[in-house]
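Results of the structural survey
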Amino acid sequence: HPYSDLAVRSQIMAAWAYYHANDYINAIPALERFIELNPADPLVEYAFYLRALSYYEQIVNVERDAEMTLLSLNAFEEMLRRFPDGEYARDASLKADLARSHLAGKEMAVGRFYIERGYYTAALRRFERVIQDYDTSNQVPEALYRMVHVYLALGLVDEADRVGSVAV
């Protein structure tokens, strides 16, 4: 009975089984298929949430490739757009904030690398990106501090004072 309620429920249960077994490679397409085939099903919010979690669980390290972090953030944001007051919205919002913080941390790590190598302009761009794109992350105070440091290293005292006044 491929069109029965139990068949629909078995699709989400199979996706959950993949997720539970840490088989995210199979969980994500199974969840996407469920979402595509059952857009009005009561379990579609859970499918969006589980898909975002499948990306989130694959985040390894801030210092490494940030692709999974970005995919996770996009999936959580899509879920929150569709279900802003849903059952999983609070947890999704917290995890999206953490993903943003990870991405800001990646920018900070690259910026620090550039400072060590003497590429001050490239470092400034990374720190400015943290302030513009991740303004609610916990990385902003360090980004401002590093910008002051770089401006002083470049001899741009007025810019350092301007940025330093924001940091205080």
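Quantities reported herein were computed from a predicted structural model and do not represent experimental measurements. Here, residues in each chain are numbered from 1, in the same order as that chain's written sequence. In keeping with the predicted nature of the model, local features appear solely for residues at pLDDT of at least 70, side-chain atom pairs appear and are counted solely at 80 or more, and the whole-chain, interface and lining totals rest on all residues. Side-chain measures here rest on the full set of heavy atoms in the structure, leaving out hydrogens and waters.

Right, let's get into the packing of helix α6 (residues 120-133) against helix α7 (residues 140-153). Two packed helices can be described by the angle between their axes and the distance between those axes. Relative to each other, α6 and α7 sit at 155°, their axes nearing to 9 Å. Taken as axis vectors, α6 and α7 run roughly antiparallel relative to one another. Crossing geometry of α6 relative to α7 is assigned as left-handed. Here α6 contributes Tyr120, Leu124, Phe127, Glu128, Val130 and Ile131 to the contact with α7, which in turn contributes Val140, Ala143, Leu144, Arg146, Met147, Val150, Tyr151 and Ala153. For this classification, Asp, Glu, Lys and Arg are treated as charged, while Ala, Val, Leu, Ile, Met, Phe, Trp, Tyr, Cys and Pro are nonpolar and the rest, including Gly, are polar. In terms of residue class, the contact of α6 with α7 is built from twelve nonpolar, no polar and two charged. Geometry is summarised by axes, namely lines fitted to C-alpha atoms with helices restricted to the contacting stretch, and by angles between N-to-C directions that run from 0 to 180 degrees. A run of H or I in DSSP becomes a helix once it reaches four residues, and a run of E becomes a strand once it reaches two; helices and strands are each numbered from the N terminus. Throughout, the term roughly parallel applies to angles under 35 degrees, roughly antiparallel to angles over 145, roughly perpendicular to angles from 65 to 115, and oblique to all others. In this scheme, a crossing is called left-handed if the near helix is turned counterclockwise away from the far one by less than a right angle; it is called right-handed if the turn is clockwise. It only takes one pair of heavy atoms within 4.5 Å for two residues to be counted as in contact.

Time to look at the nonpolar core. The nonpolar core is taken to be a set of buried Ala, Val, Leu, Ile, Met, Phe, Trp, Tyr and Cys residues, with the residues joined through side-chain atoms within 4.5 Å. Each residue's exposure class comes from its accessible area (1.4 Å probe, protein chains only) as a fraction of the maximum for that residue type: buried when under 20%, exposed when over 50%, partly exposed otherwise. Ranked by internal contacts, the top residues of the largest apolar core, which has 48 residues, are Phe76 and Phe127. In terms of residues, this core owes the most to one element, helix α3 (residues 44-56), which gives nine residues. Dropping the residues within four chain positions of it, Phe76 is found in contact with Tyr49, Ala52, Leu53, Tyr56, Ala92, Lys95 and Ala96.

Attention now moves to the confidence of the model for the protein. The pLDDT value expresses, per residue, how confident the predictor is, ranging between 0 and 100. For the protein, per-residue confidence averages 89 on the pLDDT scale, and 96% of positions sit at 70 or higher. Taking the mean pLDDT of every element in the protein, the minimum, 79, falls on helix α8 (residues 157-167) and the maximum, 95, on α3.

Describing an aromatic ring pair means giving the distance of the ring centres and the angle of the ring planes. For Phe, Tyr and Trp, where Trp contributes only its six-membered ring, two rings pair if their centres lie within 6.5 Å, and the inter-plane angle classes them as stacked under 30 degrees, edge-to-face over 60, or tilted in between. A full pass over the atoms with the stated rule returns seven aromatic pairs. For the ring pair Phe113 and Tyr114, a centre distance of 6.0 Å and an interplane angle of 55° mean the geometry is tilted. For Tyr114, a relative accessible area of 22% puts it in the partly exposed group. Among the aromatic residues, those joined into a ring-pair cluster are Tyr46, Tyr49 and Tyr88.

Let us now look at the pattern of salt bridges. The salt bridge criterion pairs a side-chain nitrogen of Lys or Arg with a carboxyl oxygen of Asp or Glu, the two atoms within 4 Å. Per the counting criterion, the structure on display carries 13 salt bridges. Arg100 is the salt-bridge partner of Glu77, the closest N and O atoms lying 3.0 Å from each other. Separated by 23 residues along the polypeptide, Glu77 in helix α4 (residues 67-82) and Arg100 in helix α5 (residues 89-117) bring together distant segments of the chain. Look at Glu77 and you get partly exposed, because its relative accessible area is 25%. The salt bridge involving Glu107 is made with Arg126; its shortest N-O contact spans 3.0 Å. Taken as a pair, Glu107 in helix α5 and Arg126 in helix α6 lie far apart in primary sequence, 19 residues in all. For Glu107, a relative accessible area of 7% translates into the label buried. On the basis of relative accessible area, Arg126 is assigned to the partly exposed category, the value being 24%. Overlapping salt bridges, with partners in common, bring together Glu32, Arg51, Glu78 and Arg82 in one network.

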